[in-house]
Structures are given as structure tokens and as C-alpha cells.
Amino acid sequence: MCVEKAAVAQEMVSTSPSVYEMVCMMLNGIDIDKLPHVDFKERSKLSRGVIRTGEFTPYANIILVSGVWGFD
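Worth saying up front: this structure is predicted, and the values here are computed from it rather than measured.

1. Here's the deal with the state of the cysteines
Following the criterion strictly, the structure yields zero disulfides and no others. Lacking any disulfide linkage, Cys-2 is separated from the closest cysteine sulfur, that of Cys-24, by 18 Å. Relative accessible area serves as the criterion here: at 56%, Cys-2 is assigned to the exposed category.

So, in C-alpha cells, the structure goes:
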């Protein structure tokens, strides 16, 4: 999968900083939008697919954008 852009809840940065650091490392320089959790949930309604991992760390969800169905 070619990830063009990503988004996380801005609460991830303060509530789960080690997760945010790992996400940044794994995405290796890809632009990551930080949205208020409420806005993140609204944007997730536009998802074309969901991968459920069972992760239970607070605010650990990530939106990955690939192809023409991006968000602005």
C-alpha cells in the first residue's frame, strides 16, 4: 500500500506519546494531520476499509490515505 497522507487524533500526542512516536517512525516522513478526536471520528466515516487490530491504547487509531479518495 502506498500511503500518501495520514491522520491521528491530536490527543494521541499527549495521551499516548510513545504510540505517536512509533507512528511517525513507521510512516517515515509522511504528512500526519492531527485532528481533535471528534473531528477524527467524523472523518473516519469516509473510510473505504477498516482494519481492526484489538489495540486498546487510548487514541491509537490512524487514518491512512491512499489513492484518489483523500481528504482535505
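2. Section: the sheet that holds strand 1 (residues 5-9)
Spatially, the three strands line up as an open sheet ordered 2-1-3, and their pairing is mixed. In this open sheet, the two strands that pair with only one neighbour each are strand 2 (32-35) and strand 3 (62-65). For this sheet, the mean inter-axis angle between neighbouring strands, taken without regard to orientation, is 20 degrees. Pairing between strand 1 and strand 3: four bridges, direction antiparallel. Bridge pairing in strand 3 links Val-8 to Ile-62. Contacting strand 1, strand 2 and strand 3, helix 2 (residues 17-27) crosses the sheet at an angle of about 155 degrees to strand 2. Against the sheet, helix 3 (residues 37-44) makes contact with strand 1, strand 2 and strand 3, and its axis sits at roughly 120 degrees relative to strand 2, the strand it touches most.

3. Concerning the nonpolar core
Counting residues in each nonpolar core, the largest one holds 10 residues, listed as Val-3, Ala-6, Val-8, Met-12, Val-19, Tyr-20, Val-23, Leu-27, Ile-32 and Ala-60. Among the elements of the structure, strand 1 and helix 2 are those that each provide at least two residues to this core. Tallying contributions element by element places helix 2 first for this core, with four residues. If we ignore the near neighbours within four places in the chain, the residues touching Ile-32 are Ala-6, Val-8, Tyr-20, Val-23, Cys-24 and Leu-27. Counting residues in each nonpolar core, the second largest holds six residues, with Ala-7, Ala-9, Leu-35 and Phe-40 among its members.

4. Quick look at unusual backbone geometry
The backbone of Asn-28 sits at a positive phi, close to 45 degrees, despite the residue not being glycine. Summarising the element assignment, Asn-28 is placed in the loop between helix 2 and strand 2. Backbone geometry at Tyr-59 places phi at a positive 60 degrees, although glycine is not the residue there. Its location among the elements puts Tyr-59 in the loop between helix 3 and strand 3. Given the relative accessible area of 30%, Tyr-59 is considered partly exposed.

Thresholds, definitions, all that
- Residues numbered from 1 in each chain as written.
- Predicted model: local features only at pLDDT ≥ 70, side-chain atom pairs only at ≥ 80, totals over all residues.
- Heavy atoms only, no water.
- Disulfide = S-S within 2.5 Å.
- Buried < 20%, exposed > 50% of the residue type's maximum accessible area, 1.4 Å probe, protein only.
- Pairing = 2+ DSSP bridges.
- Helix = DSSP H or I, 4+ residues; strand = E, 2+ residues; numbered from the N terminus.
- Axes fitted to C-alpha atoms, helices over the stretch in contact; angles between N-to-C directions.
- Contact = heavy atoms within 4.5 Å.
- Core = buried A, V, L, I, M, F, W, Y, C linked by side-chain atoms within 4.5 Å.

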